[in-house]
Structure formats: C-alpha cells, structure tokens
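Summary of structural features
Below, each chain spelled out in residue letters.
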Amino acid sequence: MNNSKKSFLAVTVIATAALAAAITLATVWVISTYRDRQEEFAATVESALNKARQKEMDDHISASEHNGITATLIGTDSTKEPLMFPKDLLSRNAEQIASITVYKLSGISQETGERLAAITEPTDSATGFETVAFLAAFYDRIDNLGSFPNSSITIAVKAADTDTRTGRIIYSDDIPIEHPLEFSVTSFTKPYVVCTVRVENPGSGFLRRMSGIIASICLIAVILCFSYIYLLRTVFRQKTLGEIRRDLTHNITHELKTPIAAASAASEALLEYSADEDPERRRRYINIIHDQLGTLSGMVGRLLDISLQEQDDLVLKTEVCNMKVLLHRLCSDLTVMFAKTGVTVTEEYPDCDVCIPADRFHLSAAISNILDNAVKYCATAPNVTVRLRQLPEGGARIDIEDNGIGIPASQRSRIFEKYYRIPSGDIHNVKGFGIGLYYSRLVIERHGGTISVSEAADRHGSVFSIRLPDNSTKNA
C-alpha cells in the first residue's frame, strides 16, 4: 500500500512538473520572441543611422572636391517632379553641373521628401554637415523597415554641434514622443556632429502582432490545466472510492459477524440441552436465533433497497400523507424501540393538518433513519425534538434536533454520501454500513425536496432540516 501511495505521489509530482515546465517554456519563448523583435528593430534603426552617416561623409567629401557644390535629388516613381538641392542647381555652369552626383531615393515617402525639401539650409554653413543628405539617407533606409513600417511609428531626428561652448542645434524635429527609444551616432568629419534619433517604442505593436500566438498559447495552457485538474480529481475520486469500498467490506464483515455469532451460540446451546429439560431456555434461545436472523435479513434488505433506489425507472407510489400523523407514529415507534435508553421525544406540530403527496413507505423509512441516528449517536440521555411547519409556498418543513455528539463542520457535506461514515478509527460503537443518510437523501430528493444539517443552537447536537414541496398542483 505504501509503495502504491509513493508511486501515485511520484507520478503526480512528475506530471505537475512536466505541465509547469511546458507552460514555463511557452512563456520563455514568447518573451524571447518579443525581445528578438525589439533587438531586430534596434539593429535596423542603428543600421539606418550608420548608412546615413556614411552618406553624409561621402557628400561632404564630394562637396569639398567640387568647389563646395553638391546636389541631391529626392523623389519616387510617382513623383512628377523631383525635389532638387540646392535650388539654384540649374544656374550653375556646365563644369559644376557635370561634377554633380545624383542621389535618387526611390523608397522615400512623398511626405518625407516634402519635409526635407522645406529645409532652408541643406548644408550647415558652420560645420559643413550635409543635413539633407543625412536625413534623406536615413529616411530612405527607415522607410523600408519591412515589418516595422514608418507609418506605424513616430520618429524624431536631431542633429547638434558637439562644441560644448555653443551647443548649437543644426536640425530638430519638433515631435513629442512618450517613452521613446534613443539612438545616436557621431559624424565622421570634423567638426563632429551628434545625430540623435528618438523612436516611439514599438513594443505595443509587437504585442499586437503576437496577440494571436499569445492567445493560442494561453488557451492551450488553460485547457491543459483544466484537463490536468480534472484528471487529478478523477484519480483522487477513484482512489477515495476504492478506500470507501474497502471500508465498506470491513464494516459489512464486522456487522454480519455479530448476529451470526449470536445465532451460532444459541443454536449450539440448543444442541446441548434437551427440549424437555428447560422449555423456557429453549424458547429464549430460539428467540435469539429468530432476532439475529431478522437482523441479518434487515441488513441484506437494506443493501438491496439501496441498489433499487439508484434505478432511474423507480416510480414512487405517492399518496396524500398527513405529516402530523406520520411523524407522530415514527416518534411513538422510536420511544418504544429505545425505551431502555431513556429517550425523550418532543413533538411540535401546527394546529392545522399538513398534507403533501408522498410515498408513505419510503418517506417513513428515510425520516426513521434520521431519528434512529439521533438516539444512537448520543452519549447521554437522548433528547429528540421533532418540529413540523407548513411552508408559505406550500409543502412542509421538518426539523429534527438532537443532543448528540454533533457533526464536525468539515464532515457535514459528506455524511449524505453513499457508504460514508465519519472516521472513528477501529471504534464501532454504532453499527451501520454508512448508507442510512444516503438512503434518506435519495428518497427526499426523489420527492423533489432537500435535506441539510446544521449545528444545534446550544452547540450540542445537530439539526436535520427537511423541506418537502407540495407537488399536488403540478401533478394535477
């Protein structure tokens, strides 16, 4: 048994660890993918900055070699007329025009091109920084980000002289950005110019793009968790049922041995004495055998009754029952049956009759089980109170209060389960199979009613409450 428990515990731990590992790996993969996209985006922006810096240097050197004359053509295939810098390009002499290198940015957007065309000083006079060439090359690269189009993110570029005495800003986009990512490069040519790019953090865009994958992973994780919990509950329930069946076998064996032993002893005594020697003793032994056989018959009958009650096609033989009369008869039987215990039964009934349609036989047996337990599970002189009330909506409420040992709060939800008995170790002061209250609940629920148990007001004993509806109107 210990090996079985250890194996079950080991399998549970391994399965739990495997499920946790799968969820952890999926989470790590999502986080890693998100970071990879962030790094890819940062690498793309830095690459665009480096390309722009190289272009600025090339144009800076070209301008020096050609008497300070350089030109950049900005346009796209849909642009009717390219944007040219400087504006007086066509007024230059033939030698100067012949030395111009044309730089056409076919991938740049029309909006960006118009913004660059609006720059009044394409080349900074103080530093010689090729502002338009730098910006055109950067935006040409950044506008082709592929999965990170420029239209979905906000970018602001700033170029500033590194001279700490002046700190002069050569160019700056006046665009507010919340929580930006910053990238910067320094020009190759002196005097150095620091170019800073502030980019809107594209994290939310990445998450939107990954939302389908994330939702699928979460859904799969939830399904796996619920399936795992369901399987664990099923396994634990099967394990509990196995223990209940084992306890039931033990209880039945223990209960059956007592009447069998008593009947066997009485029959042996009859064999040892002549019937003519002591007729009174013979009659006493025969009565013992008769009573014990009746007890055995009752035990077997109760087990068969439970089997019958679980059939879905069981039909109750309902008739109009006067609950005052029914309860009074049961209380009278209880007083006679347990007369030796000194039981006291108090009955509280309304003045009017309370009648409901019910199966008299099964309902009487169900209530009798509760009354029997009220006496059996009492350490002192039993005191049972039976109250009957008529419900405002029709029907009856029966409260059976005792002064017994009580029922722990943790056990109250389970005492109506089949074969369940409150654990008491190997103590068997009260006989039973753990099917009496289950039978009572089953019968009451078949009548459309409910049964519950609570602690008595004085915290000594229990109160069983039964609510039975009046179905005569519905059945009519």
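Residues numbered from 1 in each chain as written. Predicted model: local features only at pLDDT ≥ 70, side-chain atom pairs only at ≥ 80, totals over all residues. Heavy atoms only, no water.

A look at the overall build of the protein chain
Helix and strand counts for the protein chain come out as ten helices and 14 strands. Burial statistics for the protein chain: of 476 residues in total, 37% are counted as buried. Put simply, 68% of the contacts in the protein chain that link residues at least 6 apart link residues at least 24 apart. Approximately 27800 Å² of the protein chain is accessible, and the part contributed by carbon and sulfur atoms is 55%. (Helix = DSSP H or I, 4+ residues; strand = E, 2+ residues; numbered from the N terminus. Buried < 20%, exposed > 50% of the residue type's maximum accessible area, 1.4 Å probe, protein only. Contact = heavy atoms within 4.5 Å. Areas by Shrake-Rupley, 256 points an atom, 1.4 Å probe, with all protein chains shown as cover.)

Structural notes on helix H4 (residues 131–142)
Across its twelve residues, H4 extends 16 Å between first and last C-alpha, which sits within 8% of the 16 Å expected from 1.5 Å per residue. With eleven of its twelve residues buried, H4 lies for the most part within the structure. (Expected span 1.5 Å × (residues − 1).)

A word on the pattern of salt bridges
Applying the stated rule across the entire model yields eleven salt bridges. Where arginine 360 meets glutamate 319, a salt bridge forms, and the shortest distance between an N and an O atom there is 3.3 Å. Pair noted here: arginine 360 is in helix H8 (residues 360–376) and glutamate 319 is in strand E8 (residues 319–322), with a separation of 41 residues, a long-range link. Residue class for arginine 360 comes out partly exposed when judged on its relative accessible area of 30%. For arginine 397, the salt bridge goes to aspartate 399, with nearest N and O atoms at 3.2 Å. With relative accessibility at 30%, the residue arginine 397 sits in the partly exposed group. By sharing partners, the salt bridges in this structure join Glu348, Arg387, Arg389 and Glu401 into a single network. (Salt bridge = Lys/Arg side-chain N within 4 Å of Asp/Glu carboxyl O.)

Some words on the side chain of serine 187
Assignment of secondary structure puts serine 187 in the loop between strand E6 (180–186) and strand E7 (193–200). When its relative accessible area of 6% is taken as the criterion, serine 187 is described as buried. Of note is the side chain of serine 187, whose polar atom sits 3.2 Å from the backbone oxygen of threonine 189. Of note is the side chain of serine 187, whose polar atom sits 2.8 Å from the backbone nitrogen of valine 193. With near-sequence residues (within four places) excluded, serine 187 lies in contact with Arg53, Glu56, Phe129, Tyr192 and Val193. (Polar contact = N/O pair within 3.5 Å; in protein donor to acceptor, adjacent residues only side chain to side chain.)

Some remarks on the nonpolar core
Ranked by size, the top nonpolar core spans 34 residues in total, and within it Met323, Ile367, Ile398 and Phe464 carry the most contacts. Of all the secondary structure elements, the ones that give two or more residues to this core are helix H7 (323–337), strand E10 (355–358), H8, strand E11 (383–390), strand E12 (396–401), helix H9 (436–446), strand E13 (450–455) and strand E14 (462–468). Apart from residues lying up to four places away in sequence, phenylalanine 464 is in contact with Ile370, Ile398, Asp399, Ile400, Ile407, Ile415, Phe416, Leu437, Ile451, Ser452 and Val453. Counting 29 residues, the second largest nonpolar core, distinct from the first, contains Phe41, Val45, Ala136 and Val185. (Core = buried A, V, L, I, M, F, W, Y, C linked by side-chain atoms within 4.5 Å.)

What to know about H8
Compared with an ideal rise of 1.5 Å per residue, which puts 17 residues at 24 Å, H8 spans 24 Å between its outermost C-alpha atoms and is within 8% of the ideal. Between a side-chain oxygen at the N-terminus of H8 and the backbone nitrogen of phenylalanine 361 the separation is 3.2 Å; the capping residue is aspartate 359.

Considering the sheet that holds strand E9 (residues 344–348)
One open sheet accounts for five strands, arranged E9-E11-E12-E14-E13; its pairing is mixed. Looking at strand neighbours, the two that pair on one side only are E9 and E13, the edges of this open sheet. Pairs of neighbouring strands in the sheet enclose a mean axial angle of 15°, with direction left out of account. Relative to E14, E12 runs antiparallel, the two being bridged by six bridges. Across the sheet, residue isoleucine 398 finds its bridge partner in E14, namely isoleucine 466. In the packing of H9 onto the sheet, the strands contacted are E13 and E14, and the crossing angle to E14 comes to about 25°. (Pairing = 2+ DSSP bridges. Axes fitted to C-alpha atoms, helices over the stretch in contact; angles between N-to-C directions.)

Some points on unusual backbone geometry
In this chain, lysine 190 is followed by proline 191 through a cis amide linkage whose omega measures -10°. Residue position: proline 191 is located in the loop between E6 and E7.

A word on the packing of H8 against H9
One way to put it is that H8 packs onto H9 with a least axis distance of 9 Å and a crossing angle of 140°. Here H8 runs over H9; the crossing is left-handed. Residues His362, Leu363, Ala365, Ala366, Asn369, Ile370 and Asn373 of H8 touch H9, and the partners they reach there are Gly436, Leu437, Tyr439, Ser440 and Val443. Partitioned by chemical class, the residues of the contact of H8 with H9 number seven nonpolar, five polar and no charged. (Left-handed = near helix turned anticlockwise from the far one by under 90°. Nonpolar A, V, L, I, M, F, W, Y, C, P; charged D, E, K, R; others polar.)

Remarks on the sheet that holds strand E5 (residues 169–172)
Taken in spatial order, the four strands of this open sheet run E5-E4-E7-E6, and their pairing is antiparallel. This sheet does not close on itself; its edge strands, each paired only once, are E5 and E6. Ignoring which end each strand starts from, the neighbouring axes of this sheet average 15° apart. Judged from the three bridges that link them, strand E4 (residues 155–161) and E5 form a sheet pairing that is antiparallel. Bridged to lysine 158 within E5 is serine 172. Helix-sheet contacts for H4 involve E4, E5, E6 and E7, and the interaxial angle to E4 is about 150°.

A word on the confidence of the model for the protein chain
With 72% of its residues at a pLDDT of at least 70, the protein chain reaches an overall mean of 76. A low-confidence stretch, residues 146–151 (pLDDT under 50), is modelled with nine contacts involving residues beyond four sequence positions or located in other chains. (pLDDT = per-residue confidence, 0-100.)

Observations concerning the packing of H7 against H8
One can describe the packing of H7 onto H8 by two numbers: an axis separation of 10 Å at closest approach and a directional angle of 45°. One way to sum up the angle between H7 and H8 is to call them oblique. H7 and H8 meet at a crossing whose hand is right-handed. Contact with H7, carried on its side by Met323, Leu326, Leu327, Arg329, Leu330, Leu334 and Met337, involves Arg360, Leu363, Ser364, Ile367, Ser368, Leu371, Asp372 and Val375 of H8 and no other residues of that element. Residues of the contact of H7 with H8, tallied by class, amount to ten nonpolar, two polar and three charged. (Parallel < 35°, antiparallel > 145°, perpendicular 65-115°, else oblique.)

Comments concerning the pairing of E13
The side chains of a regular strand alternate between both faces of the sheet. Pairing geometry for E13 and E14, over six bridges, is antiparallel. Looking across to E14, one finds that glutamate 455 is bridged to serine 462. Hairpin remark: E13 followed by E14, antiparallel, with six residues in the connecting loop; positive phi at arginine 459, about 65°.

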